[in-house]
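Listed here are the chains, written in short residue letters.
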Amino acid sequence: MFTRIHHVGIAVSDMEAALSLYGATAGAALLEREPSRDGTMEIAMLRLEEGGGGGLIELLSSRAAGSAIGEFLERRGEGLHHLAFEVEDIEAALVRLKEEGYRLVDESPRPGAMNSRIAFLHPKGTGGALWELVEVAKEGDS
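Residues numbered from 1 in each chain as written. Predicted model: local features only at pLDDT ≥ 70, side-chain atom pairs only at ≥ 80, totals over all residues. Heavy atoms only, no water.

## Details of the pairing of strand β1 (residues 2-11)
Along any regular strand the residues' side chains alternate between the sheet's two faces. Sheet topology note: the β1/strand β5 (residues 79-87) ladder contains 8 bridges and is antiparallel. Its bridge partner lying in β5, G9 is registered against H82. (Pairing = 2+ DSSP bridges. Helix = DSSP H or I, 4+ residues; strand = E, 2+ residues; numbered from the N terminus.)

Following this line, the structure appears as structure tokens:
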């Protein structure tokens, strides 16, 4: 059902400092930087390894008081926010996971970074880690 780990989400207080850290130290290249759909967060997607074959890191910072990332940073500080798993059919994955008793944060997919569709599973059912499902945009999707 999950095809691969799509990315690791990291909550950061200072996007510029984080971009410098992950770029200079880890050698990650910035793929895209954008606000969240609701404008409360800034999202930067970085790729490790040149040539497009490496893993992805998603940096998340708050742009507005009361944002989900802002609240996370206040409670837990900077660090791992979520693990994202790529799926072929996000609707089917959500139906199956709900039938298996997993607690869904999102009952249906919503728009995500880089034109993807995403949904989250509650960490109480996934061993304490927030899981994100990602359906990557197909070529020609806009």
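## Some points on helix α1 (residues 15-25)
Those residues of α1 that fall on the buried side of the exposure criterion are M15, A18, L19 and Y22. Each buried residue of α1 sits inside an arc of 100 degrees when the element is viewed along its axis, so together they form one side. Residues A24 and T25 are exposed on α1 and point more than 90 degrees away from its buried face. Of the surrounding secondary structure, the elements contacted by the buried residues of α1 are β1, β2 (29-35), β3 (41-47) and β4 (56-62). Two to three positions downstream of the cap, the backbone nitrogen of E16 sits 3.0 Å from a side-chain oxygen, assigning the N-cap of α1 to D14. Within two residues after α1, G27 carries a phi angle of roughly 75 degrees, on the positive side. (Buried < 20%, exposed > 50% of the residue type's maximum accessible area, 1.4 Å probe, protein only. Arc of directions from axis to C-beta. Contact = heavy atoms within 4.5 Å. Polar contact = N/O pair within 3.5 Å; in protein donor to acceptor, adjacent residues only side chain to side chain.)

## As for the pattern of salt bridges
The tally for this structure, following the rule as stated, stands at 8 salt bridges. Measuring nitrogen to oxygen at the nearest pair gives 2.7 Å for the salt bridge that ties R117 to E91. Of the two residues, R117 sits in strand β7 (residues 117-121) while E91 sits in helix α3 (residues 90-99), which places them 26 residues apart along the sequence. Residue class for R117 comes out partly exposed when judged on its relative accessible area of 30%. The class of E91 is partly exposed, set by a relative accessible area of 37%. (Salt bridge = Lys/Arg side-chain N within 4 Å of Asp/Glu carboxyl O.)

## Focus: the packing of aromatic side chains
Considering all chains together, one arrives at 3 aromatic pairs under this definition. Aromatic pair F2 and F85: ring centres 4.8 Å apart, planes at 20 degrees, arrangement stacked. Remark: F85 occurs in strand β5 and F2 occurs in strand β1; sequence separation between them is 83 residues. By relative accessible area, F85 is classed as buried at 12%. Judged by centre distance (5.7 Å) and plane angle (75 degrees), the rings of F2 and W131 are edge-to-face. With F2 in strand β1 and W131 in strand β8 (residues 131-135), this residue pair connects regions lying 129 residues apart in the sequence. A relative accessible area of 30% places F2 in the partly exposed class. Taken together, the ring pairs connect F2, F85 and W131 into an aromatic cluster. (Phe/Tyr/Trp six-rings, centres within 6.5 Å; stacked < 30°, edge-to-face > 60°.)

So far we have only geometry, and geometry alone does not tell us how the molecule works.
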